[in-house]
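An overview of the molecular structure
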Amino acid sequence: MSGAPTKTARAIAAAVQTGELSAESSIEQALEAIARRGGLGAFLRVDRDRALAAARAQDRGRAAGRDPGPLGGVPLAIKDNLCTRGLATSCGSRILEGWVPPYDATAVERLAAAGAIVVGKTNCDEFGMGSSNENSAFGPVAHPEDPERVPGGSSGGSAAAVAAGLVPLALGSDTGGSVRQPASFCGIVGLKPTYGRVSRWGLVAFASSLDQVGPLARDVRDAALALELMAGPDGRDATAAAVPVPRGLAALEGDPRGLRIGFLRDLSEREGTEPAVRAGVRSAAEALAAGGAAVEETTLELAEYALPVYALLATAEASSNLARYDGVRFGRRTEGGAGPRGMMEATRGAGFGPEVKRRIMLGTFALSAGYHDAYYGRALRARARLAAELDAQLARYDALLLPTSPGVAFRRGERAGDPLAMYLSDVFTVVASLGGHPAISLPAPRAAGALPVGVQLIGPRFGEPLLLRAALALEERGFAAAGVA
Amino acid sequence: MEPVRAVIGLEVHARLRTRTKLFCRCVAGPGGAPNSRTCPVCLGLPGALPAANREAVRLAVRLAEALGAEIHPVSTWARKNYFYPDLPKGYQISQFDRPLATGGRVRIEPPGAAPRWIGIERIHLEEDAGKSLHEGFGDDHSGIDLNRCGVPLVEIVGAPGLASPDEAFLYLERLRSILRATGVSDAEMEDGDLRCDVNVSVHGDGEPWGARVELKNLNSFRGVRRALQHEIARQAAARRAGSATVPETRLWDDARGETRPLRAKEEAHDYRYFPEPDLPALALDDALIAAARAGMPELPHARRDRFAAALGLPEADAHRLTVEPTVADYFEQVAQAAGDPRAAANWVLTELLGLLRERGLPIGESPVAAADLAELIQLAGSGAISGKTAKDLLARVAAGEGRPAAIVEADGLSRLDDAAAIESACRAVLDAHPGEAAGYRGGKAGLLAFFVGQVMRRTGGRADPGRVHDTLRRLLG
Ligand SMILES: [Zn+2]
């Protein structure tokens, strides 16, 4: 753990607003911290010159009377699968190495419009496929508290950057848990919004029906503020819902009284959940009940199907989404073989890592003639039933409580040869992904020297205010990142 | 020889007449420097997403309405996956298990037989792919033009209900008329607005259908007819020889006039369709359906019937006039203004279309306005000018010399009705050709036509040939 308390994005923005802190020195501090902790491998690219130029422009604007914005001067890190105009975006893959997008992702654009300053792109599992950040073509990310361990994934670089205090806020993407699980491993807050809440324009697709952009932050209110600023309809993404964005999320109060919490105890304590995780989630149930919430134990019958359903749907969509990396128009081309087909095969063979290839093959198989209905078709029907069960439970409860991951951060290499064990670590996060429901991971209180444990809350679709209220109630009861000020 | 029956089904792709592409705002029409009409969406750049074009949906619904198809209030988009250099995303956004519309029909009228309705199986929207260019890039390179990528298409899958190559031709011709009349597509085959794949099988009377062969690379209606004639003959010959036709895809070679099988590798496609996760289901609202139905024109087959029944035109003329909706429109204006539909049909079909063909002009650019042709028909019909004068007059109107009545007035072209003037012209001709006159009187009756011609020339074509004929006979008798 780093010594000095780390400022929240809100605290930085407030200081910049009053002139107590210049945007330039805020960015300089972040750049210094990033350089100092270069060994983490959290950043793939630091956009030093443009970030400083943007900060200086903001300072000049402020001097001329312009409002720096609700995130003015806040250093922001962006997962490398979110497009940044003029700044290379590789998705942690060789096949996109050096590709410079001509546009910003909507989420990036909106946070920048609110004053946030992009300081760089963070490492991630290739195309978001992984739970440990070991699948990046550009090297692993170290856990900020134990360099031998993984930070989680796929948004591992973003989580490590926030946890190590390099930036107060980072964007990740969550397909089956890729924001929540690394937040859990690193002891910070990770929010996956409702599917459709945040535009996916500029988010390089892994599994389009599951992908959502989400913030990683050191407290719930920073995550809430980032969500509010980047959410809302977008003409460039037809799946961005025309649902009004709730305002004042960062000003919510965490009063647990009147909250109805469904504790998925059986699911939480299934075989494979580590004792520290069981204890963490149980203490969350107790804390909420003690604060006045109505906490009930309940079940999710179809949760046991969530992993295979997720594996089929996510890989099927990925097999199609990743077809465009063929060396014809962008990214790295590898010559070889006869004709255009030979070039495409050589490019894909050399450009994709083994996990990406495995998933493309699984997905292609799940969609192929003769197997389509048995695999993809059934998975689609099962997903609809699981979503309906979640909706029914979330009509009864304001939020469901369960762990984020069955375990704490594991050692690098420990599961590298066992993809199945790696997939199993997504068992608690894929539930909300399949349902399209918003979910948040919060750090449970821990003893000195213990690794972080995340607890997860799932809320009703487009019910982020309720979800965040429950999260704040927990945060106020000690479910908070260490050393936040 | 045992009779062989053919079963033919056509799949037609028509480019919708929209200003922009199906999922982005790039210009959709033909033309433009290669790759100039592209953006992150149609280039399939990472992170770019599609947004459906409402006008394309409206046009497809309009076509479905015109064909009497069942329009589905909710349909879905699907991805059709395959690798090809000119397919940037590695998939085409199309519709699969829930198309925009199902059913519908197209009427054809085979000459000498009763009109037949040909069923439509489905109508759906999809985006076009780009073009690979193989010339001018050396032996080991190809160029790719993605201007066409994402252009909106409507696919009309016909039922296997056509029995001959001629019927296939009539079906295509009628479908094109409908596409144009409704404003859904320009349907120019040369511009690639209209593309057609053909399925064909043969079987003996009372036998189950034979193996289905798909023909590709058909670039004109005539090409479709020729390819079918050839393929049916090939399958019939194989059948007589006792060898089985295998289900396969064959490529039509228009220059050689033959079909050849595609290599198995080119053919083996498993498109792995699945619902397009980037687009919500396509739900048609009332406003869109109302807009699609608004101003629906009389359909070509109904117009054909009306031209025959109400205007009293011969079936063949009614048919020819309704192949091109713009020709039918022009004809109707002429017929109405002239008050003589039969004369209008004759003038439009023979004289005017002939003149346009010679000059390579579409009827929309006719140098003779419908009102002028009507005026000319009235002048001829009333006997004010002779038939010969009328034809010359058409050429002069086309040359921009003025309106028909004004030219007649200015040049004194009205018909020579004065008996004395005709007689004096006849006498002058006979006086000038005493030898021929003697020959006629000596029994060479054929010389009369010579004299008629000479008199017509002398009168500038204004005399009535019948009266000249009568007068000459009297003078020579
Ligand atoms: Zn475009």
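Note that the coordinates shown come from a computational prediction; the quantities given were computed from them, not determined experimentally.

Cut-offs and rules
Residues numbered from 1 in each chain as written. Chains lettered and ligands numbered in written order. Predicted model: local features only at pLDDT ≥ 70, side-chain atom pairs only at ≥ 80, totals over all residues. Helix = DSSP H or I, 4+ residues; strand = E, 2+ residues; numbered from the N terminus. Rg over C-alpha atoms; globule rule 2.2 N^0.38 Å. Contact = placed C-beta atoms within 7 Å. Buried ≥ 20, exposed ≤ 12 C-beta atoms within 10 Å, placed from the backbone. Pairing = 2+ DSSP bridges. Axes fitted to C-alpha atoms, helices over the stretch in contact; angles between N-to-C directions. Parallel < 35°, antiparallel > 145°, perpendicular 65-115°, else oblique. Nonpolar A, V, L, I, M, F, W, Y, C, P; charged D, E, K, R; others polar. Expected span 1.5 Å × (residues − 1). Domains from an automatic or database assignment. Left-handed = near helix turned anticlockwise from the far one by under 90°. Right-handed = clockwise from strand over helix to strand, strands pointing away. pLDDT = per-residue confidence, 0-100.

With that out of the way, let us pick up the overall build of chain B. Along its length, chain B carries 17 helices and 17 strands. Taking 477 residues into account, the globule formula puts the C-alpha radius of gyration at 23 Å, and chain B, at 30 Å, lies well above it. When the backbone C-alpha atoms are referred to their principal axes, chain B occupies close to 90 × 55 × 50 Å. Here the contacts in chain B between residues at least 6 apart in sequence split such that 70% fall between residues at least 24 apart.

What follows covers the overall build of chain A. From N to C terminus, chain A includes 16 helices and eleven strands. Here the C-alpha coordinates of chain A stretch approximately 65 × 55 × 45 Å along the principal axes. Split into buried and exposed, the 485 residues of chain A put 62% on the buried side. A separation of at least 24 residues holds for 76% of the contacts in chain A among residues at least 6 apart in sequence.

Residue and element names in this part refer to chain B. Judged by pairing direction, the sheet is antiparallel, and its three strands sit side by side in the order β5-β4-β16 without closing on themselves. Each edge of the open sheet carries a strand with a single partner, namely β5 (91-94) and β16 (274-275). Two elements, strand β4 (residues 78-81) and β5, share four bridges in a ladder whose sense is antiparallel. Bridge assignment links A78 to a residue of β5, and that residue is S94.

Residue and element names in this part refer to chain A. Contact geometry for helix α10 (residues 306-321) and helix α12 (residues 354-367): axes closest at 7 Å, N-to-C directions at 100°. Taken together, the axis directions place α10 and α12 in an arrangement best described as roughly perpendicular. When α10 is examined against α12, the residues L312, T315, A316, E317, A318 and S319 are found in contact with a partner set consisting of R359, I360, L362, G363, T364, A366 and L367. The class makeup of the residues in the contact of α10 with α12 is seven nonpolar, four polar and two charged.

This paragraph deals with helix α9 (residues 325-338) of chain B. Over its 14 residues, α9(B) extends 20 Å from the first C-alpha to the last, a length consistent with the 20 Å expected when each residue adds 1.5 Å. Contacts made by the buried residues of α9(B) are with α3 (165-181), α7 (300-309), α8 (315-322), α10 (341-359) and α11 (370-381) of chain B.

Turning our eyes to something else, we now look at the domain arrangement of chain B. In terms of domain boundaries, chain B breaks down into domain 1 (4-292), domain 2 (300-411) and domain 3 (419-476). Distance from the C-alpha centre of domain 2 of chain B to the C-alpha centre of domain 3 of chain B: 33 Å.

To continue, consider the interface of chain A and chain B. With 34 residues of chain A at the contact, the number on the chain B side is 27 residues. Elements supplying a minimum of two residues to the side of chain A that touches chain B: α10, α11 (339-351) and α12 of chain A. With three residues, the top contributor of residues to the side of chain A that touches chain B is α10(A). Considering only residue class, the side of chain A that touches chain B consists of 19 nonpolar, eight polar and seven charged.

Attention now goes to the sheet that holds strand β6 (residues 212-217) of chain A. Residues and elements named next belong to chain A. Judged by pairing direction, the sheet is mixed, and its eleven strands sit side by side in the order β1-β3-β2-β4-β6-β5-β10-β11-β9-β7-β8 without closing on themselves. Strand pairing shows two members of the sheet lacking a second neighbour, β1 (43-46) and β8 (294-297), which therefore form its edges. Across the sheet, the mean angle separating the axes of adjacent strands is 25° when strand polarity is ignored. Note that strand β2 (residues 75-79) and strand β3 (residues 117-122) share five bridges and pair parallel. Looking at the pairing, P75 lines up with I117 of β3.

Residues and elements named next belong to chain B. The contact between helix α16 (residues 447-458) and helix α17 (residues 465-476) brings their axes to 10 Å, and the two run at 125°. With respect to each other, α16 and α17 are oriented oblique. For the pair α16 and α17, the crossing hand works out as right-handed. Contact residues: α16 offers L448, F451, V452, V455 and M456, while α17 offers P465, V468, H469 and L472. Here the residues of the contact of α16 with α17 sort into eight nonpolar, one polar and no charged.

What follows is about the pairing of strand β14 (residues 248-253) of chain B. All names here are of chain B. In this sheet, β14 lies alongside strand β13 (residues 213-218) in parallel orientation, the contact comprising four bridges. Bridge pairing in β14 places K216 opposite L251. Once the chain exits β13 it traverses helix α4 (residues 221-240) before rejoining the sheet at β14, and the crossover so formed is left-handed. The pairing of β14 with strand β15 (residues 258-261) spans four bridges and is antiparallel. Following the sheet pairing, L251 is matched in β15 by R260. Linking β14 to β15, which pair antiparallel, is a turn of four residues; within it G257 sits at a positive phi near 65°.

Here the focus is the confidence of the model for chain B. Per-residue pLDDT for chain B has a mean of 92; in total, 98% of the residues score no lower than 70. Two summary scores accompany this predicted model of the complex, namely pTM at 0.91 and ipTM at 0.96.

All names here are of chain A. Structurally, the position occupied by V74 is in the loop between α3 (48-63) and β2. A C-alpha to C-alpha distance of 5.9 Å links V74 and A9, two positions 65 residues apart in sequence. Setting aside residues no more than four positions away along its own chain, V74 makes contact with A9, I12, A13, G115, A116, I117, P168 and L169.

Turning next to unusual backbone geometry. Residue and element names in this part refer to chain A. A cis amide bond links G153 to the next residue, S154, at an omega of 5°. Considering the arrangement of structural elements, one finds S154 in the loop between β3 and α5 (156-163). One non-glycine residue with positive phi stands out, namely N133, at about 65°. Structurally, N133 is set in the loop between β3 and α5. Since 34 C-beta atoms lie within 10 Å of it, N133 is described here as buried. Of note in the backbone geometry, F462 takes a positive phi value of approximately 60° without being a glycine. Looking at where F462 falls in the secondary structure, it is placed in the loop between β11 (454-458) and α16 (464-475). Among the residues examined, F462 registers 21 C-beta atoms within 10 Å and is labelled buried.

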